[in-house]
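Survey of secondary and tertiary structure
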Amino acid sequence: MNIPKKMPISNFVSVKEDNNGMLKEISFKNEDTFNFAFDIVDAIAEREPDRRAMIHISRDGAERIYTFGDMKRHSARVANYLSFLGIEKGDRVMLVLKRHYQFWFILLALHKIGAIAVPATNLLLKSDFEYRFKKGKIDAVICTVDGDVSFEIDKAAKSYKGLKQKIMVGGRRSGWRSLNKDVRYFSSHFAKPEGESYAGGKDPMVMFFTSGTTEYPKLAMHNYCYPLGHYITAKYWHCVEPDGVHFSISDTGWAKALWGKLYGQWMCETCLFTYDFDKFDAKEILRMIDHYKITTFCAPPTVYRVMVHLKLENYDLGSLKHVTTAGEALNPEIFDKFKAKTGLSIMEGFGQTETTLTIGNLVGTEPRPGSMGKPSPLYDIELMLPDGTTAENYEEGEVVIYVGDPELGEEHPPNGLFLGYFEDEERTNAVWREGYYHTGDTAYIDDDGYFWYVGRTDDLIKSSGYRIGPFEIENEIMKLPYVLECAVTAVPDPIRGQAIKASIVLANGIEASDKLRADIMKSLKKNIASYKWPKVLDFTSELPKTFSGKIQRKEIRNRDYEVEKKSKGKNED
């Protein structure tokens, strides 16, 4: 075990590593009462109150630096304030706070009270909030003053009468309480609850709405042991260090923010870097890395796709020691271009809102461009065929996590795996069955144990008897220097059943043309099997994406099928 005794996390996590620092085994202790706010943040604050916890840059450029002592005091004030307003253990509180620094104070405060945090993006509209309020039985909402989001919440609240409180951050509005104004009157000391009032261990702590790529968003529920699963995320994948500065590109409305902007990082006692931007600007992100000497960086593949088209030599990226990506599969071409320009390998990882890092290129893994890496020691991973048997090497199967057969008394879900979908037994049982959690993602494994992503089970294209994953075709298209993004989907075909369509976004300054279309097909015919050749190449200005930035292949597919349906109807008339 290589965790210094003085670190609070050593009271809860034990690890075994090989001589190269590669994680071989992880186990937990004292987990039944674990509460991240008290046992990590407050414990660090008591031992080393001046240790830097976060550098925060607001959208107007204002710089704020918070220590762990600050985090303890501010979260205590907020906890006292929310308790005064009647928010208590078990209440569900929606947080719509962008990347405001108050998010961290409030989330820790909710952990201390025992209320359940429900992060949400500020991009939601009235109908989105109506669905989420009812689905999550939301008791209170804490919202940014920015933009129109509070007005959308007010519209949604007209048909939902369950809100006890509406609290605004960063300003004031009629009908809303003002956190900034009110919280200063409350004590910076919060008494740790005792007995039934204390929340920790297996109690529910946070609920995330999923991206909703294939259906209405589900609400995944995690307990207080969830942060422990993210120790691997931060230490062995992000490779953060106590004297480093970690920067993850993520909005606080999504689970990925808690992957990279809180739990694992602070368990490792590193400093978080947060930039509260409204509109993504890759050049500004690079300037931040340069100016603040960021040591570890994590971003979705989309960010790297943009970066490789910029003059990276104009920025001093020498402080960067480690870079990672997750959210969707990374194209090998982007991996190669980024490494050629920076010398850094982008270490890919795979996980879901329902899990922590499940498969990844952890410390000691030699990355293979395009591979997700190898399973985390936290999870027992298999690739399952539709008939329930295990896939052979190079055979595509669904990624499943073994949790033990409950009928045999073997159920042992690891820390980090969700409890189920909130008050949705049908959807929970659909993915958590016969001793396995079914991720809905497909992959294959090579002879050396590396996993290679294929796609969502519902993204598979069935053409002329072949089962075709979109990712391999997308990879080939992404190798072309003039392509920024692409998505491969199925379109209806009277002969094949389904044919392959590639929707392509070109890099800035590149014009679509028949010649370009011919060049793309020429390249594909040279590099992939004939049954994988797209029948349709469509140039578009943008691809439909979820609020979290994932490409919605289903949206493209549904649109094409609707067009085909209408066309067929006209022909029949």
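Below, the discussion takes up the overall build of the chain. A count of helical and extended segments in the chain gives 16 helices and 29 strands. At 24 Å, the chain has a C-alpha radius of gyration in line with the 25 Å of a compact globule built from 573 residues. Split into buried and exposed, the 573 residues of the chain put 60% on the buried side. Long-range pairs, those at least 24 residues apart, make up 66% of the contacts in the chain with a sequence separation of at least 6. A total accessible area of about 24,100 Å² is found for the chain, and carbon and sulfur atoms account for 47% of it. Separation of charge centres in the chain, based on 76 positive and 82 negative side chains, amounts to 5 Å.

So, about the nonpolar core. Side chains of a nonpolar character, in soluble globular proteins, are inclined to be buried together. Counting residues in each nonpolar core, the largest one holds 101 residues, and the members touching the most others are Phe36, Met71, Leu95 and Trp266. Sort the elements by how many residues they give to this core and helix α3 (residues 102–113) lands first, with nine residues. In this structure, phenylalanine 36 is in contact with Val41, Leu108, Pro227, Leu262, Tyr263, Trp266 and Met267, ignoring residues within four places of it in sequence. If you look at the next biggest cluster of nonpolar residues, it comprises 55 residues, including Leu320, Ile477, Val483 and Ala502.

Its identity is not glycine, yet lysine 293 carries a phi of approximately 55°, on the positive side. Relative to the elements of secondary structure, lysine 293 occurs in the loop between α10 (282–292) and β14 (296–298). Despite not being glycine, glutamate 434 shows a phi value in the positive range, around 50°. Following the sequence through the fold, glutamate 434 ends up in the loop between β22 (432–433) and β23 (436–445).

We now examine the pairing of strand β27 (residues 483–493). The buried fraction of β27 is high, at nine of 11 residues. Note: β27 against strand β28 (residues 497–506), 10 bridges, orientation antiparallel. Opposite glutamate 485, over in β28, you have valine 505 as the bridge partner.

Attention now goes to the environment of isoleucine 504. Structurally, isoleucine 504 is set in strand β28. Given the relative accessible area of 0%, isoleucine 504 is considered buried. Through-space distance from the C-alpha of isoleucine 504 to that of arginine 51 is 47 Å; in sequence the pair is 453 residues apart.

Another point: the packing of helix α1 (residues 36–47) against helix α2 (residues 68–84). For the pair α1 and α2, interaxial distance at closest approach is 8 Å and the crossing angle is 125°. In terms of their interaxial angle, α1 and α2 are classed as oblique. Handedness of the crossing formed by α1 with α2: left-handed. Facing Val41, Asp42, Ile44, Ala45 and Glu46 of α1, the residues of α2 in contact are Phe68, Gly69, Met71 and Lys72. A class-by-class count of the residues in the contact of α1 with α2 yields five nonpolar, one polar and three charged.

Right, let's talk about the packing of α1 against α3 for a bit. It is at 8 Å that the axes of α1 and α3 come closest, and there the two elements cross at 130°. Our classification of the angle between α1 and α3 gives oblique. Side by side, α1 and α3 meet where Phe36, Ala37, Phe38, Val41 and Asp42 of the first sit next to Leu108, His111 and Lys112 of the second. Its residues assigned to classes, the contact of α1 with α3 shows five nonpolar, one polar and two charged.

Calculation notes
Along each chain, residue indices are assigned from 1 in the same order as the chain's sequence is written. Reporting in this predicted model follows two pLDDT cut-offs: at least 70 for local features of residues, and 80 or more for side-chain atom pairs to be given and counted; totals over whole chains, interfaces and linings ignore these cut-offs and use all residues. As a rule here, side-chain values cover all heavy atoms of the structure and leave hydrogens and water aside. Strands are runs of DSSP state E lasting at least two residues, helices are runs of H or I lasting at least four, and both sets are numbered from the N terminus onward. For this measure, only C-alpha atoms enter the radius of gyration; the expected value for a globule follows 2.2 Å times N^0.38, where N is the number of residues. Accessible area is worked out with a 1.4 Å probe on protein chains only. A residue is then buried under 20% of its type maximum, exposed over 50%, and partly exposed in between. Throughout, a residue-residue contact means that at least one pair of heavy atoms, one from each residue, lies within 4.5 Å. We get accessible surface area from the Shrake-Rupley algorithm with a probe of 1.4 Å; when it comes to residues, only the shown protein chains can shield them. Under the counting rule used here, the positive set is Lys and Arg, the negative set is Asp and Glu, and His together with the chain ends is not counted. Think of each charge as sitting on NZ of Lys, CZ of Arg, CG of Asp or CD of Glu. Nine residue types can take part in a nonpolar core, namely buried Ala, Val, Leu, Ile, Met, Phe, Trp, Tyr and Cys, and a core is a set of them joined through side-chain atoms within 4.5 Å. Strand pairing is assigned whenever DSSP identifies at least 2 bridges connecting the two strands. Between the N-to-C directions of two axes lies an angle of 0 to 180 degrees, each axis being a line fitted to C-alpha atoms and, for a helix, fitted only over the stretch in contact. The cut-offs work like this: below 35 degrees is roughly parallel, past 145 is roughly antiparallel, 65 to 115 is roughly perpendicular, and the gaps in between are oblique. In this scheme the crossing of two helices becomes right-handed for a clockwise turn of the near helix relative to the far one and left-handed for an anticlockwise turn of less than a right angle. The nonpolar class holds Ala, Val, Leu, Ile, Met, Phe, Trp, Tyr, Cys and Pro. Asp, Glu, Lys and Arg form the charged class, and all remaining residues, Gly among them, are polar.

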